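As a plain string of letters, each chain reads:
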Amino acid sequence: MIPQNFEYSAPNNLNEALALLAAGNAKVLAGGMSLIPLMKLRLAAPDHLVDLSRVTDLKSIREEAGAIKIGAMTTHWEIEASALVRSKCPLLAEAASNIGDVQVRNMGTIGGSIAHADPAADYPASLLALEAQVRISSAKGERTLAIAEFLVDALSTALEPGEIVREIIVPVEAAGTGVSYQKMAQPASGFAIVGAAARVRKSGGKVSFVQVGITGLAGKAFRATGVEKLLSGAAGSAADVQKAAAAAADGVDPNTDLHASAPYRRQMARVYMARALTQALARAS
Ligand code: FAD
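What counts and what doesn't
- Residues numbered from 1 in each chain as written.
- Predicted model: local features only at pLDDT ≥ 70, side-chain atom pairs only at ≥ 80, totals over all residues.
- Heavy atoms only, no water.
- Helix = DSSP H or I, 4+ residues; strand = E, 2+ residues; numbered from the N terminus.
- Rg over C-alpha atoms; globule rule 2.2 N^0.38 Å.
- Contact = heavy atoms within 4.5 Å.
- Areas by Shrake-Rupley, 256 points an atom, 1.4 Å probe, with all protein chains shown as cover.
- Lys, Arg positive; Asp, Glu negative; His and termini not counted.
- Charge placed at Lys NZ, Arg CZ, Asp CG, Glu CD.
- Domains from an automatic or database assignment.
- Patch = residues over 30% accessible without salt bridge, like charges linked within 9 Å, V, L, I, M, F, W, Y side chains within 5 Å.
- Salt bridge = Lys/Arg side-chain N within 4 Å of Asp/Glu carboxyl O.
- Buried < 20%, exposed > 50% of the residue type's maximum accessible area, 1.4 Å probe, protein only.
- Core = buried A, V, L, I, M, F, W, Y, C linked by side-chain atoms within 4.5 Å.

1. Regarding the overall build of the chain
Thinking step 1. Along the chain, the regular secondary structure elements total 12 helices and 14 strands.
Thinking step 2. Computed over C-alpha atoms, the radius of gyration of the chain comes to 19 Å, within 12% of the 19 Å expected from 2.2 N^0.38 for 285 residues, which places it in the range of a compact globule.
Thinking step 3. Each principal axis of the C-alpha distribution contributes one length, and for the chain these read about 60 × 45 × 30 Å.
Thinking step 4. Considering only intrachain contacts with a sequence separation of at least 6, the fraction spanning at least 24 residues in the chain is 62%.
Thinking step 5. When the accessible area of the chain is evaluated, it comes to approximately 12600 Å², of which 52% is carbon and sulfur surface.
Thinking step 6. With 28 positive and 26 negative side-chain charges, the chain shows a separation of 6 Å between the mean positions of the two kinds.

Structure (structure tokens):
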């Protein structure tokens, strides 16, 4: 199908982009991997597309004040391949490497992914486990939100009209942390039927730190705090992992669609959470 007519602008800097967005029914275009199909199906019909591909300030990965700061227009491939992300925030690099296929990873951006807020997207499980923050800009100013506040529901975020995701801020991973992202991928698209992200540390023979996130299971990704409580302070044996992972879907109303029923997704969340915890514990030193 053919999209409705629209105006197109490709500003050269962020201020120009913010001014264009403040003017009316305009939408940001990043990699176009999600937005263009929606426009072709006429599920989105913006009057004006503001293409961010020339806004180079949004395409960077840098380390600053104990954090890795990733510009919104950084592609999944750039995150997967970045030596800085791989060494200082390996969970995010692993999540990026799991997205779609090479073409999607070369075009799609981290800002576009979180702004689109697909409930089966890969980044949110890891960003929640990492307690990432989202820096947002508009013509009126700036604000920074925790990723848990930013993700409101399926395809819904806390972004207000005129706002742009500017960068995603993740802490530099602490020494000794083991991480893992494990996903059951829908075979055609690669989207997560369920995806589980885990970060763990051990000290004195016990699990001293554990943060986990799950995507694909519900309307939005979430921190599985029941899993965290059960594993925290345990020795981290295979039995401990199974017991903790059994809580992965507690309190959640799982999605049902043509790819997986709710009971199947619930069970897969437990299985993939156990896999993520097992690998993260094996990687923790
Ligand atoms: P666009 O499509 O350009 O934009 C998406 C939305 O975000 C639009 O509403 C746009 O206005 C808004 N937006 C974009 N950038 C910003 C910004 N900086 N600030 C504010 N709003 C913004 N994703 C996964 O996680 N896992 C997968 O396995 C996966 N498989 C895929 C397979 C296929 C075949 C395709 C087509 C996509 C797949 N995706 C997958 C989605 C992919 O990751 C997209 O890149 C992503 O969802 C959207 O990013 P984008 O840069 O293309 O954004």
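2. Some words on the domain arrangement of the chain
Thinking step 1. Each domain of the chain was delimited in the assignment, giving domain 1 (7-51), domain 2 (56-171) and domain 3 (178-284).
Thinking step 2. Averaged C-alpha coordinates put domain 1 and domain 3 at centres separated by 36 Å.

3. A look at a nonpolar patch on the surface
Thinking step 1. Together, Met1, Leu41 and Leu43 give the surface a local cluster of nonpolar side chains, amounting to about 380 Å² of exposed area.
Thinking step 2. Relative to the helices and strands, Met1 is located in the segment before strand E1 (7-9).
Thinking step 3. In this structure Met1 comes out as exposed when scored by relative accessible area, which is 67%.

4. Brief notes about the nonpolar core
Nonpolar side chains tend to gather and get buried jointly when the protein is soluble and globular.
Thinking step 1. Counting residues in each nonpolar core, the largest one holds 37 residues, and the members touching the most others are Leu92, Tyr123, Leu127, Phe150 and Val170.
Thinking step 2. Non-local contacts of Leu127, meaning those with residues more than four positions away in its chain, are made with Leu92, Ile114, Ala132, Ile147, Ile168 and Val170.
Thinking step 3. Core analysis: the next-biggest nonpolar cluster, separate from the first, contains 34 residues, Val194, Val207, Ile214 and Ala274 among them.

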